[in-house]
Amino acid sequence: MVKIKPIIGIVGRLYSGDANIICVEEVRLAVTKFGGIPLLILPVDKDEMSCKNLYSEEEIKDLENVLNLCDGFILPGGDTWYQLDEVVIDYAIRCDKPLFAICLGMQALSKVLSGDERIGYDNTIKNNISINHLKPNKNYVHSVIIDKNSKLYSIIGEKEIWVNSRHSYHVPEFDNTLVCARSSDGLIEGVELKDKNFILGVQWHPESNLDDEYSKRLFKAFFDKL
């Protein structure tokens, strides 16, 4: 009997100065490598990917018809998140479907978890700390300290690991019970919902370093929960 592969919804990204909504290729490749079928999630009934005109209830229902096809979701990195990200997050939490949020995706997840209802308001902070967190071409930039009581720790199995880093902004402080990892200079690097199957976000990019054992463990844990 042929095993049915899980469908992974990947939220599309629009980059500054680009007219195309794209699928982040490294994320797509990670999904296929771990045995999933990637499905690009796009806005519905909108002329542009924007938060200026919020989705109506009918449009959210249309979008959820697409989300119902998915077994899990990945929110990739990028320049800006939109209401599309937040609809996917709300759906994943409500339906307890696995959601893996990466870099910008983790920031969008943090916004939803913090309870900030100002849809489309980017409440991240420009990095101005001791470590340079914007080094896009290095596999290992700084260490991350993981909460031993977290789901992330149960996946990684280590209190401290080294990760890549390419973000100019970080999330402000919020409910510390949702934070599962921090960089050595104190920035939030991981968030999770402990009472859900797999709602987890990390600030680094495991999809960019799949030769790394801990990156493999993260994706394997996500797929194991599907």
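Cut-off values and rules
Residues numbered from 1 in each chain as written. Predicted model: local features only at pLDDT ≥ 70, side-chain atom pairs only at ≥ 80, totals over all residues. Heavy atoms only, no water. Phe/Tyr/Trp six-rings, centres within 6.5 Å; stacked < 30°, edge-to-face > 60°. Helix = DSSP H or I, 4+ residues; strand = E, 2+ residues; numbered from the N terminus. Buried < 20%, exposed > 50% of the residue type's maximum accessible area, 1.4 Å probe, protein only. Salt bridge = Lys/Arg side-chain N within 4 Å of Asp/Glu carboxyl O. Pairing = 2+ DSSP bridges. Axes fitted to C-alpha atoms, helices over the stretch in contact; angles between N-to-C directions.

A. Molecular detail of the packing of aromatic side chains. Enumeration over the complete set of coordinates arrives at 8 aromatic pairs. Ring geometry for Phe-73 versus Tyr-91: centroids 5.8 Å apart, planes at 90°, classification edge-to-face. On the criterion of sequence distance, the pair formed by Phe-73 in strand S5 (residues 72-75) and Tyr-91 in helix H3 (residues 83-95) is long-range, its members being 18 residues apart. Side by side, Phe-73 and Tyr-91 carry an identical accessibility label, which is buried. An angle of 35° between the planes, with centres 6.1 Å apart, marks the rings of Phe-100 and Phe-222 as tilted. Here the residue Phe-100 occupies a position in strand S6 (residues 99-102), and Phe-222 occupies one in helix H6 (residues 213-224), the gap between them amounting to 122 residues. Note on accessibility: Phe-100 and Phe-222 belong to one class, buried. Here a set of aromatic residues connected by ring pairs shows up, and it is made of Phe-34, Phe-100, Phe-198, Phe-219, Phe-222 and Phe-223.

B. Region of interest: the pattern of salt bridges. Taken as a whole and assessed by the stated rule, the structure comprises 10 salt bridges. In this structure, the salt-bridge partner of Arg-13 is Asp-85, at a minimum N-O distance of 2.7 Å. With a gap of 72 residues between them, Arg-13 in strand S2 (residues 13-14) and Asp-85 in helix H3 connect regions that are remote in the sequence. One exposure class covers both Arg-13 and Asp-85, and it is buried. Glu-86 serves as the salt-bridge partner of Lys-111, at 2.9 Å between the closest nitrogen and oxygen. Placement of Lys-111 in helix H4 (residues 104-114) and of Glu-86 in helix H3 is noted, with a sequence separation of 25 residues between them. A relative accessible area of 3% means that Glu-86 is categorised as buried. Connected through salt bridges with shared partners, the residues Glu-26, Arg-166 and Glu-207 form a single ionic network.

C. Region of interest: the pairing of strand S15 (residues 199-202). Burial of the side chains of S15 extends over both faces: Ile-199 and Gly-201 are buried on one face and Leu-200 and Val-202 on the other. Connecting strand S14 (residues 188-192) to the next strand, S15, in antiparallel fashion are 6 residues.

D. Molecular detail of the sheet that holds strand S10 (residues 160-163). Overall, mixed pairing links the 9 strands, which are arranged S4-S1-S5-S6-S15-S14-S13-S9-S10 in an open sheet. Where the open sheet ends on each side, the last strands, each with one partner, are strand S4 (37-41) and S10. Taking the axes of each pair of neighbouring strands and ignoring which way they run, one obtains an average angle of 20° across the sheet. Of the strand pairs in this sheet, S6 and S15 are connected by 4 bridges, and their pairing is parallel. For Phe-100, the partnering residue across the bridge sits in S15 and is Leu-200.

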